[in-house]
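Spelled out from the first residue to the last, the chains are:
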Amino acid sequence: MTPGQRRRCFGLLRSAGDVWACVLEVNGWRRRRRHVPLSGYQELCRELAASGPGTFAELDSVGARSVLRRFSDAWFAAAKRRKAGYVSARFPRRRRGLVPVRWYHGTFTLDGRRVRIPTAKGTASLWVRLAREVPYPAEQVRSVTLLCEGGRLFLDVTAEVPVVVYPPGEGPDPGRVAGVDLGIIHPYAVAGPAGEGLLVSGRAIRAEHRMHLADTKARRRAVARRAPRPGQKGSRRWRKYRRRARLVEGRHQRRVRQAQHEAGRTVVSWAVRQRVGVLHVGDPRGVLDIDAGRRHNLRLRQWQIGRLLQILTDKATLAGIAVRLVDERGTSSTCPACHRRVPKPRGRTLSCPHCRFSGHRDLVAAASIATRTPGGGPTTVATVVLPQVVTHRRAGRHLPGAGRSRRDPRRPPRAARGSVGPRRPAPPPGGESLAQQARIHNTHRKPGER
């Protein structure tokens, strides 16, 4: 886009941030006066209508109402969580500089790769050109959202996509159930009927998280001395560093998100080939309430359990497969043969000291999850069918360093990592060393010598 178009798009996002800040300010006044805060969408819209046109620059009323809808949804979601007992849930009371703006069907115009973004009455039309074609027909697009991520502008498209229709006898069978175990090393471990299994490796995603963390720490140490003090205006060099940090963070998030979608698509494609009609997914979100230390809390945050569940649910729904969440407690530490507790293994193999059973830990958990019912207790009484044929797949082949011919530019060379290099051969039996003899450079000369 042109500099003018970019300036106007960021102006819309800043105006949306002003709407958000105004709602916070009004609720602050009402709280100090001991009045009921404004949280409903209708009453917020009435306050917006009372402010009059032209209050928020080029932002039109539809875009401003989308911000109010976002605020209202966040408020009631926090209230619901607090009512359920989650005292750590907080109401939206933090200001934002740039807030995403959404326009619904009928308010924008989509013409190939060109999109007309609505603006306030009396302002010039804003047409922008997309970087690539919209992957949905124009009649299926229901809304577009303008947002900024990592210093870059994006247009998020929401479309109505029909469920896949299969030929007779080839669609998912509701009687075929598969269990799905979520994890970090293996984002999805699936145990299906007839002894079929699937393991999706997420080691490339974990390596991406580790290398990004190490790279972020190194860059922070490098600029720690010239960082501006609190309250001091940053220099041009510091602003360039912050901009670079935002770009790197956005690129890292896009890489991980694409890898997660690849993993979810792999699971759904495998389930369609196996004609699986129901997926029983173990819900491990209870571990998020446990404080396990700084390091492990970071691993749990990078795991992104909710996003993995949402990705799998969306893709399975489009394929006509039902997803049901079940209790997964004890599935990774219970022997499927004798139903006794097993000590947590250090590796990926679960070995029972009572009946000498041995199997892959994640596949055993997935097979146990497949036998559980939604809303049931943690006790597994049905017969567990362990996979005999396991399909291995890898998520994140696009990540730097995942392929043999690619090297992660953030990883230092082998010599810099402390490698000893190729080993020298053993000395001969005579005891003579194969190392090169040292050269003695005697630079001391007597008077008159050259």
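Residues numbered from 1 in each chain as written. Predicted model: local features only at pLDDT ≥ 70, side-chain atom pairs only at ≥ 80, totals over all residues. Heavy atoms only, no water.

Caption draft 1: Structural detail: the overall build of the protein chain. The helix and strand inventory of the protein chain stands at eight helices and 14 strands. Taking all 450 residues of the protein chain together, the buried fraction comes to 35%. Of the roughly 29,000 Å² of accessible surface on the protein chain, 50% is carried by carbon and sulfur atoms. (Helix = DSSP H or I, 4+ residues; strand = E, 2+ residues; numbered from the N terminus. Buried < 20%, exposed > 50% of the residue type's maximum accessible area, 1.4 Å probe, protein only. Areas by Shrake-Rupley, 256 points an atom, 1.4 Å probe, with all protein chains shown as cover.)

Caption draft 2: A look at the sheet that holds strand E9 (residues 196–201). Strand order in the open sheet made by the six strands is E11-E10-E7-E8-E9-E14, with mixed pairing throughout. Edge positions in the sheet fall to strand E11 (322–327) and strand E14 (389–394), since each has one partner strand and no second. Adjacent strand axes in the sheet meet at a mean angle of 25°, parallel and antiparallel pairs treated alike. In terms of strand pairing, E9 meets E14 through six bridges, oriented parallel. Counterpart to Leu198 in the pairing with E14 is Thr391. Across the sheet, helix H7 (residues 305–318) is in contact with strand E7 (173–182), strand E8 (188–191), strand E10 (276–283) and E11; its angle to E10 comes to roughly 170°. (Pairing = 2+ DSSP bridges. Axes fitted to C-alpha atoms, helices over the stretch in contact; angles between N-to-C directions. Contact = heavy atoms within 4.5 Å.)

Caption draft 3: Quick look at the packing of helix H4 (residues 203–222) against helix H5 (residues 236–273). Contact geometry of H4 with H5 gives a least axis separation of 10 Å together with a crossing angle of 175°. If you check the angle between H4 and H5, you find them roughly antiparallel. Facing H4, whose interface residues are Ile205, Glu208, His209, His212, Asp215, Arg219 and Arg220, H5 presents Tyr241, Ala245, Val248, Glu249, His252, Arg255, Val256 and Ala259. Classifying every residue of the contact of H4 with H5 by side-chain character gives six nonpolar, three polar and six charged. (Parallel < 35°, antiparallel > 145°, perpendicular 65-115°, else oblique. Nonpolar A, V, L, I, M, F, W, Y, C, P; charged D, E, K, R; others polar.)

Caption draft 4: Looking closely at the pattern of salt bridges. Scanning the entire structure with this criterion turns up eight salt bridges. For Arg255, the salt bridge identified is with Glu208, shortest N-O distance 3.8 Å. Taken as a pair, Arg255 in helix H5 and Glu208 in helix H4 lie far apart in primary sequence, 47 residues in all. Across the pair Arg285 and Asp283 runs a salt bridge, and its minimum N-O distance is 2.9 Å. The exposure class assigned to Arg285 is partly exposed, which follows from its relative accessible area of 38%. (Salt bridge = Lys/Arg side-chain N within 4 Å of Asp/Glu carboxyl O.)

Caption draft 5: Expanded view of the packing of helix H1 (residues 3–32) against helix H3 (residues 61–83). Contact geometry of H1 with H3 gives a least axis separation of 9 Å together with a crossing angle of 50°. As far as their axial angle goes, H3 and H1 are oblique. Note on packing geometry: the crossing formed by H1 with H3 is right-handed. Residues Ala16, Val19, Trp20, Val23, Leu24 and Asn27 of H1 form the contact with H3, whose own contacting residues are Ala64, Val67, Leu68, Arg70 and Phe71. Its residues assigned to classes, the contact of H1 with H3 comprises nine nonpolar, one polar and one charged. (Left-handed = near helix turned anticlockwise from the far one by under 90°.)

Caption draft 6: Spatial organisation of the sheet that holds strand E3 (residues 114–117). With antiparallel pairing, the three strands of this open sheet are ordered in space as E2-E3-E4. Each edge of the open sheet carries a strand with a single partner, namely strand E2 (109–111) and strand E4 (126–129). Pairwise comparison of adjacent strand axes, ignoring direction, gives a mean angle of 20° for this sheet. Pairing of E3 with E4 involves four bridges; the strand directions are antiparallel. Bridged to Arg116 within E4 is Trp127. Sheet strands in contact with H1 are E3 and E4, and its direction is about 110° off that of E4.

Caption draft 7: Examining the pairing of E8 more closely. Neither face of E8 is open: one carries Tyr188 and Val190, the other Ala189 and Ala191, and all of them are buried. Pairing between E7 and E8: four bridges, direction antiparallel. Residue pairing in the sheet places Leu182 in a bridge with Tyr188 of E8. The turn joining E7 and E8, which pair antiparallel and follow one another in sequence, is formed by five residues. Adjacent in sequence and paired antiparallel, E8 and E9 are bridged by four residues, among which Ala194 carries a positive phi angle near 60°.

Caption draft 8: Region of the structure containing the packing of aromatic side chains. The tally for this structure, following the rule as stated, stands at four aromatic pairs. The interplanar angle of 80° and the centroid separation of 5.4 Å between the aromatic rings of Trp20 and Phe71 together place this pair among those described as edge-to-face. Highlighted residues: Trp20 in helix H1 and Phe71 in helix H3, separated in sequence by 51 residues. Each of the two residues, Trp20 as well as Phe71, counts as buried. The interplanar angle of 35° and the centroid separation of 6.2 Å between the aromatic rings of Phe71 and Trp75 together place this pair among those described as tilted. Separated by four residues within a single helix, Phe71 and Trp75 lie in helix H3, roughly one turn from each other. (Phe/Tyr/Trp six-rings, centres within 6.5 Å; stacked < 30°, edge-to-face > 60°.)

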